[in-house]
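Structural description and commentary
Here's the letter readout for the chains.
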Amino acid sequence: MQYSVLITGCSSGIGLEAAKRLQERNFLVVASCRKQEDVEALRAQGIKHVVQLDLADSASIEKGLQETLTITNGQLFALFNNGAYGQPGAVEDLPVEALRAQFESNVFGTHELTIKVLKVMLAQGYGRIVNNSSVLGLVAAPFRGAYNASKFALEGLTDTLRLELFDTPIKVSLIEPGPIESRFRANALLALQNNIDMENSRHKKGYEDAIARLSKQGVTSSQTLPASAVVSKLIHALESNRPRARYYVTLPTYGAVLMKRLLPTCLLDWVMRRQGA
């Protein structure tokens, strides 16, 4: 059989690379993205099946899933929850509306899609759910409170779901990347400028540094890996008979895991404070 997979957040970066690589491996890929213009762009790049699916809109989630199931004849082998964005800003400067929007896409929409797909998988008797988290789902960094919180929440939901599905054929995995080549910084810069009152904040200097960092083009760290590094772990999670519960990607993620295990909180805080805005 040809295994089908629905991927969210495919307009660029990890999602786009995943759609291309899995299609090459003969998966029946249904790529999704939030904007219609991105749907057309993906089709122009050779992705055969693309649907519009906005994780912040319940009606769009339902419509996108139903279109997906039409393409896959009512079955779905895998769901790769990749769609997300990062809202920068100090916690004290973070409007509730911005935090709510962060959770709407990164947590609530992902959860809504997952439980809908889970019903299909339980009925058919097989399935894989892979959630793309972050090193910031493992450790917190300053000026990233909204994103930290959303990924911590995603990890908690994923771990719990894995425990609850232990007696079913459905496998659940987390991927936890560090810095990856993508449009993530550019999107985070827009979220910062649109939602944070930087001028009247006591963290004004930190925001200036953040803008300089987020405005940089191309790779900004020797530890940044291409999106293909994440997709390689995704392929293992989908094709292995014994997929792992967690897949770490990039040296910073391995370092975070080690520090969290070995360092007292005060020293871990010191290390993370040095990450800056």
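Each chain carries its own residue numbering, running from 1 in the written order of its sequence. The predicted origin of the model limits local features to residues at a pLDDT of at least 70 and limits the giving and counting of side-chain atom pairs to 80 or more, whereas totals for whole chains, interfaces and linings rest on all residues. Hydrogen atoms and water are omitted, and side-chain values are computed over all heavy atoms in the structure.

Turning to the overall build of the chain, a few remarks are in order. Secondary structure elements are taken from DSSP: a helix is a run of H or I of four residues or more, a strand is a run of E of two residues or more, and numbering for both begins at the N terminus. Scanning the chain from terminus to terminus reveals ten helices and seven strands. Put simply, the radius of gyration uses C-alpha atoms, and a globule should come to 2.2 Å times the residue count raised to 0.38. Expected size for 277 residues packed as a compact globule is a radius of gyration near 19 Å; at 19 Å, the chain falls within 12% of this value. Based on the C-alpha atoms only, the size of the chain along its principal axes is roughly 55 × 40 × 35 Å. We get accessible surface area from the Shrake-Rupley algorithm with a probe of 1.4 Å; when it comes to residues, only the shown protein chains can shield them. As displayed, the chain offers around 13,400 Å² of accessible surface, 53% of which is attributable to carbon and sulfur atoms. Under this rule, positive means Lys or Arg and negative means Asp or Glu; His and the chain ends count for nothing. Lys charges are placed at NZ, Arg charges at CZ, Asp charges at CG and Glu charges at CD. The averaged location of the 26 negative side-chain charges in the chain is 7 Å from the averaged location of its 31 positive side-chain charges.

Right, let's get into the sheet that holds strand E3 (residues 49-52). We treat two strands as partners when DSSP finds at least two bridges between them. Read across the open sheet, the seven strands follow the order E3-E2-E1-E4-E5-E6-E7; overall the sheet is parallel. Strands at the two margins of the open sheet, each flanked by one partner only, are E3 and strand E7 (246-249). Here the strands of the sheet are splayed against their neighbours by 15 degrees on average, with no regard to which way each runs. For strand E4 (residues 78-81) and strand E5 (residues 127-132), the ladder comprises four bridges, and the chain directions are parallel. Bridge assignment links Leu-79 to a residue of E5, and that residue is Ile-129. Whether two residues touch is decided by their heavy atoms; if any such pair falls within 4.5 Å, the residues are in contact. Lines are fitted to the C-alpha atoms to define the axes, a helix being fitted only along its stretch in contact, and any angle between axes, read from their N-to-C directions, falls within 0 to 180 degrees. Helix H5 (residues 145-164) contacts E5, strand E6 (170-177) and E7 of the sheet and is inclined by roughly 155 degrees relative to E6.

Turning next to helix H1 (residues 13-24). By definition here, a helix of n residues has an expected span of 1.5 Å times n minus one. Taking 1.5 Å of rise per residue, twelve residues should cover 16 Å, and H1 covers 17 Å from first to last C-alpha, within 8% of that figure. Relative accessibility under 20% of the residue-type maximum defines a buried residue, over 50% an exposed one, and the middle range a partly exposed one, all with a 1.4 Å probe and only protein chains included. Every buried residue of H1 is accounted for by Gly-13, Ile-14, Gly-15, Leu-16, Ala-18, Ala-19 and Leu-22. Buried-residue contacts for H1 involve strand E1 (4-7), strand E2 (28-33), helix H2 (36-44), E4, E5 and helix H8 (228-239). One or two residues past the end of H1 sits Asn-26, with phi positive at roughly 70 degrees.

Residues belong to one nonpolar core when they are buried, are Ala, Val, Leu, Ile, Met, Phe, Trp, Tyr or Cys, and are joined through side-chain atoms within 4.5 Å. If you look at the biggest cluster of nonpolar residues, it comprises 32 residues, and the most contacted ones within it are Ile-7, Leu-22, Leu-42, Phe-80, Ile-175, Leu-234 and Leu-238. Secondary structure elements with two or more residues in this core: E1, H1, E2, H2, E4, H8 and E7. The biggest single contributor to this core is H8, with seven residues. Not counting residues up to four positions away in its chain, the partners in contact with Ile-7 are Gly-15, Ala-18, Ala-19, Leu-22, Val-29, Val-30, Ala-31, Ser-32 and Phe-80. By size, the runner-up hydrophobic cluster in this structure holds 20 residues, among which are Leu-113, Val-117, Ile-129 and Ile-170.

Now for the pattern of salt bridges. Just to be clear on terms, a salt bridge is a Lys or Arg side-chain nitrogen sitting within 4 Å of an Asp or Glu carboxyl oxygen. Within the structure shown, the criterion is met by twelve salt bridges. Between Arg-21 and Glu-17 there is a salt bridge, with its nearest N and O atoms 3.9 Å apart. With Arg-21 and Glu-17 both in helix H1, this residue pair falls four residues apart, about one helical turn. We note a salt bridge from Asp-209 to Lys-205, for which the minimum N-O separation is 2.9 Å. In this pair, Asp-209 and Lys-205 both sit in helix H7 (residues 204-215), four residues apart, roughly one turn of the helix. On the basis of relative accessibility, which here comes to 40%, the residue Asp-209 falls in the partly exposed class. Salt bridges sharing common partners tie together Glu-155, Asp-159, Arg-162, Glu-176 and Arg-246.

This brings us to the packing of aromatic side chains. Here a Phe, Tyr or Trp ring, Trp counted by its six-membered ring, pairs with any other such ring whose centre lies within 6.5 Å, and the pair is stacked when the planes are under 30 degrees apart, edge-to-face when over 60, and tilted otherwise. In this structure the tally under the stated criterion is seven aromatic pairs. On the basis of an interplanar angle of 80 degrees and a centroid distance of 5.7 Å, the ring pair of Phe-143 and Tyr-207 is categorised as edge-to-face. Here the residue Phe-143 occupies a position in the loop between E5 and H5, and Tyr-207 occupies one in helix H7, the gap between them amounting to 64 residues. With centroids separated by 5.2 Å and ring planes inclined at 65 degrees, the aromatic side chains of Tyr-147 and Phe-184 adopt a geometry described as edge-to-face. Residue Tyr-147 is located in helix H5, and its partner Phe-184 is located in helix H6 (residues 184-195); the two are separated by 37 residues in the primary sequence. Classification of Tyr-147 as buried rests on a relative accessible area of 9%. Put simply, the rings of Tyr-3, Phe-27, Phe-77 and Tyr-126 touch in pairs and so form one group of aromatic residues.

It is worth spelling out the packing of helix H3 (residues 58-71) against helix H4 (residues 96-124) at this point. One way to put it is that H3 packs onto H4 with a least axis distance of 10 Å and a crossing angle of 35 degrees. Of the two possible hands of crossing, H3 and H4 adopt the one that is right-handed. Along the contact surface, H3 presents Ser-58, Ile-61, Glu-62, Leu-65 and Leu-69, while H4 presents Gly-109, Glu-112, Leu-113, Lys-116, Val-117 and Val-120. Here the nonpolar group is Ala, Val, Leu, Ile, Met, Phe, Trp, Tyr, Cys and Pro; Asp, Glu, Lys and Arg are the charged ones; every other residue, Gly included, is treated as polar. Grouping the constituent residues of the contact of H3 with H4 by class yields six nonpolar, two polar and three charged. What makes a crossing left-handed is the near helix being turned counterclockwise from the far one by less than a right angle; a clockwise turn instead makes it right-handed.

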